[in-house]
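# Structure assessment
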Amino acid sequence: MEAPPQRGPQHDALDVFLGEGTASGVSFGGTDQADDPRANGQSSTSNHRAFWHTGNFFMVQDERAMIAGAPFDTLSIMGVDPGPGDYFSRGFENHGFYRDYRLTVDGNVWQLHGETERATIAFSEDNRRQAIHWEWMPDGHWLPLCDRVAIRID
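The rules behind these values
Residues numbered from 1 in each chain as written. Predicted model: local features only at pLDDT ≥ 70, side-chain atom pairs only at ≥ 80, totals over all residues. Heavy atoms only, no water. Core = buried A, V, L, I, M, F, W, Y, C linked by side-chain atoms within 4.5 Å. Buried < 20%, exposed > 50% of the residue type's maximum accessible area, 1.4 Å probe, protein only. Helix = DSSP H or I, 4+ residues; strand = E, 2+ residues; numbered from the N terminus. Contact = heavy atoms within 4.5 Å. Pairing = 2+ DSSP bridges. Polar contact = N/O pair within 3.5 Å; in protein donor to acceptor, adjacent residues only side chain to side chain. Axes fitted to C-alpha atoms, helices over the stretch in contact; angles between N-to-C directions. 1 Å grid on protein atoms, 1.4 Å probe; cavity = no way out; pocket = protein on both sides within 12 Å on 5 of 7 lines; lining within 4 Å. Points joined across faces, edges and corners; volume = space filled by probe spheres on them. Nonpolar A, V, L, I, M, F, W, Y, C, P; charged D, E, K, R; others polar.

### Some points on the nonpolar core
In terms of nonpolar packing, the biggest core is built from 22 residues, with Phe17, Trp110 and Trp134 touching the most fellow members. Going through the elements one at a time, β2 (42–52), β4 (70–80), β6 (98–106), β7 (109–113), β8 (117–123), β9 (129–136) and β10 (143–152) are the ones with two or more residues in this core. Those residues within four positions of Phe17 in sequence are excluded, and the remaining contacts are Ala50, Met59, Met78, Trp110, Ile121 and Phe123.

### Points about the pairing of β6
Two faces make up the sheet, and in a regular strand the side chains alternate between them. The pairing of strand β5 (residues 87–93) with β6 spans six bridges and is classified as antiparallel. The residue of β6 that forms the bridge with Phe88 is Arg102. Counted between consecutive antiparallel strands, the loop separating β5 from β6 contains four residues, among which Gly96 sits at a positive phi close to 95 degrees. Judged from the five bridges that link them, β6 and β7 form a sheet pairing that is antiparallel. Bridged to Arg102 within β7 is His113. Here β6 hands over to β7 after two residues, with Gly107 in that stretch at a positive phi of 65 degrees.

### Thoughts on the environment of Cys146
With respect to the helices and strands, the residue Cys146 is situated in strand β10. Separated by 118 residues in sequence, Cys146 and Phe28 have C-alpha atoms that sit 5.5 Å apart. Residues in contact with Cys146, not counting those within four places in the same chain, are Val26, Ser27, Phe28, Ile132, His133 and Trp134.

### With respect to the side chain of Ser46
Position of Ser46 among the secondary structure elements: in strand β2. There is a polar contact of 2.7 Å between the side chain of Ser46 and the side chain of Glu63. Those residues within four positions of Ser46 in sequence are excluded, and the remaining contacts are Gly21, Thr22, Ala23, Glu63, Arg64, Ala65 and Arg148.

### Brief notes about the sheet that holds β6
Spatially, 10 strands are ordered β1-β2-β3-β4-β5-β6-β7-β8-β9-β10 in a closed barrel, and the strand pairing comes out antiparallel. Each adjacent strand pair in this sheet contributes to an overall mean axis angle of 20 degrees, direction not counted. Bridge count for β8 against β9 is seven bridges, and the pairing is antiparallel. By the bridge assignment for β9, Glu117 is matched with Trp136.

### Some thoughts on the layout of surface pockets
Computed from the structure, the largest pocket encloses a volume of approximately 970 Å³. If you go around the largest pocket, you meet 42 residues; those closest to its centre are Phe72, Thr74, Glu117, Trp134 and Leu145. At the level of elements, β2, β3 (59–67), β4, β5, β6, β8, β9 and β10 are the ones that each hand at least two residues to the lining of the largest pocket. Of the residues forming the lining of the largest pocket, the biggest block, six residues, is contributed by β4. Residues belonging to the lining of the largest pocket are distributed by class as follows: 22 nonpolar, 15 polar and five charged.

Here it is in structure tokens:
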């Protein structure tokens, strides 16, 4: 029988994502990025909330976004893989896609590493502001996907 995971400081570090917030920015993915990767950006806004699932081992983040007037909703589960001790996130979105990410942290900067998407999230000292930069790899090289600023409102 497998021993149950133990909750520890790595779980506590995910607390930076807790709470409710809003975000706004510009989305570039899906636009013509051939000549200028930041051309034709479309505005995006969102509301999100993150909370610990029962047991406090997995964080759930629910985000409801509008990009150029169209819904883009994601549900993410974050946690710590008890084997290697790595952070992970699995995201599901309303268009039917899901993504797996490995997370790393260095001070106030978290990075998500995926096969075709990656992000850098820089938290302010008080953890109430996030500067978020996403990239994607549609044709074998990284391009800007979106730039956003999230503000914690609770």
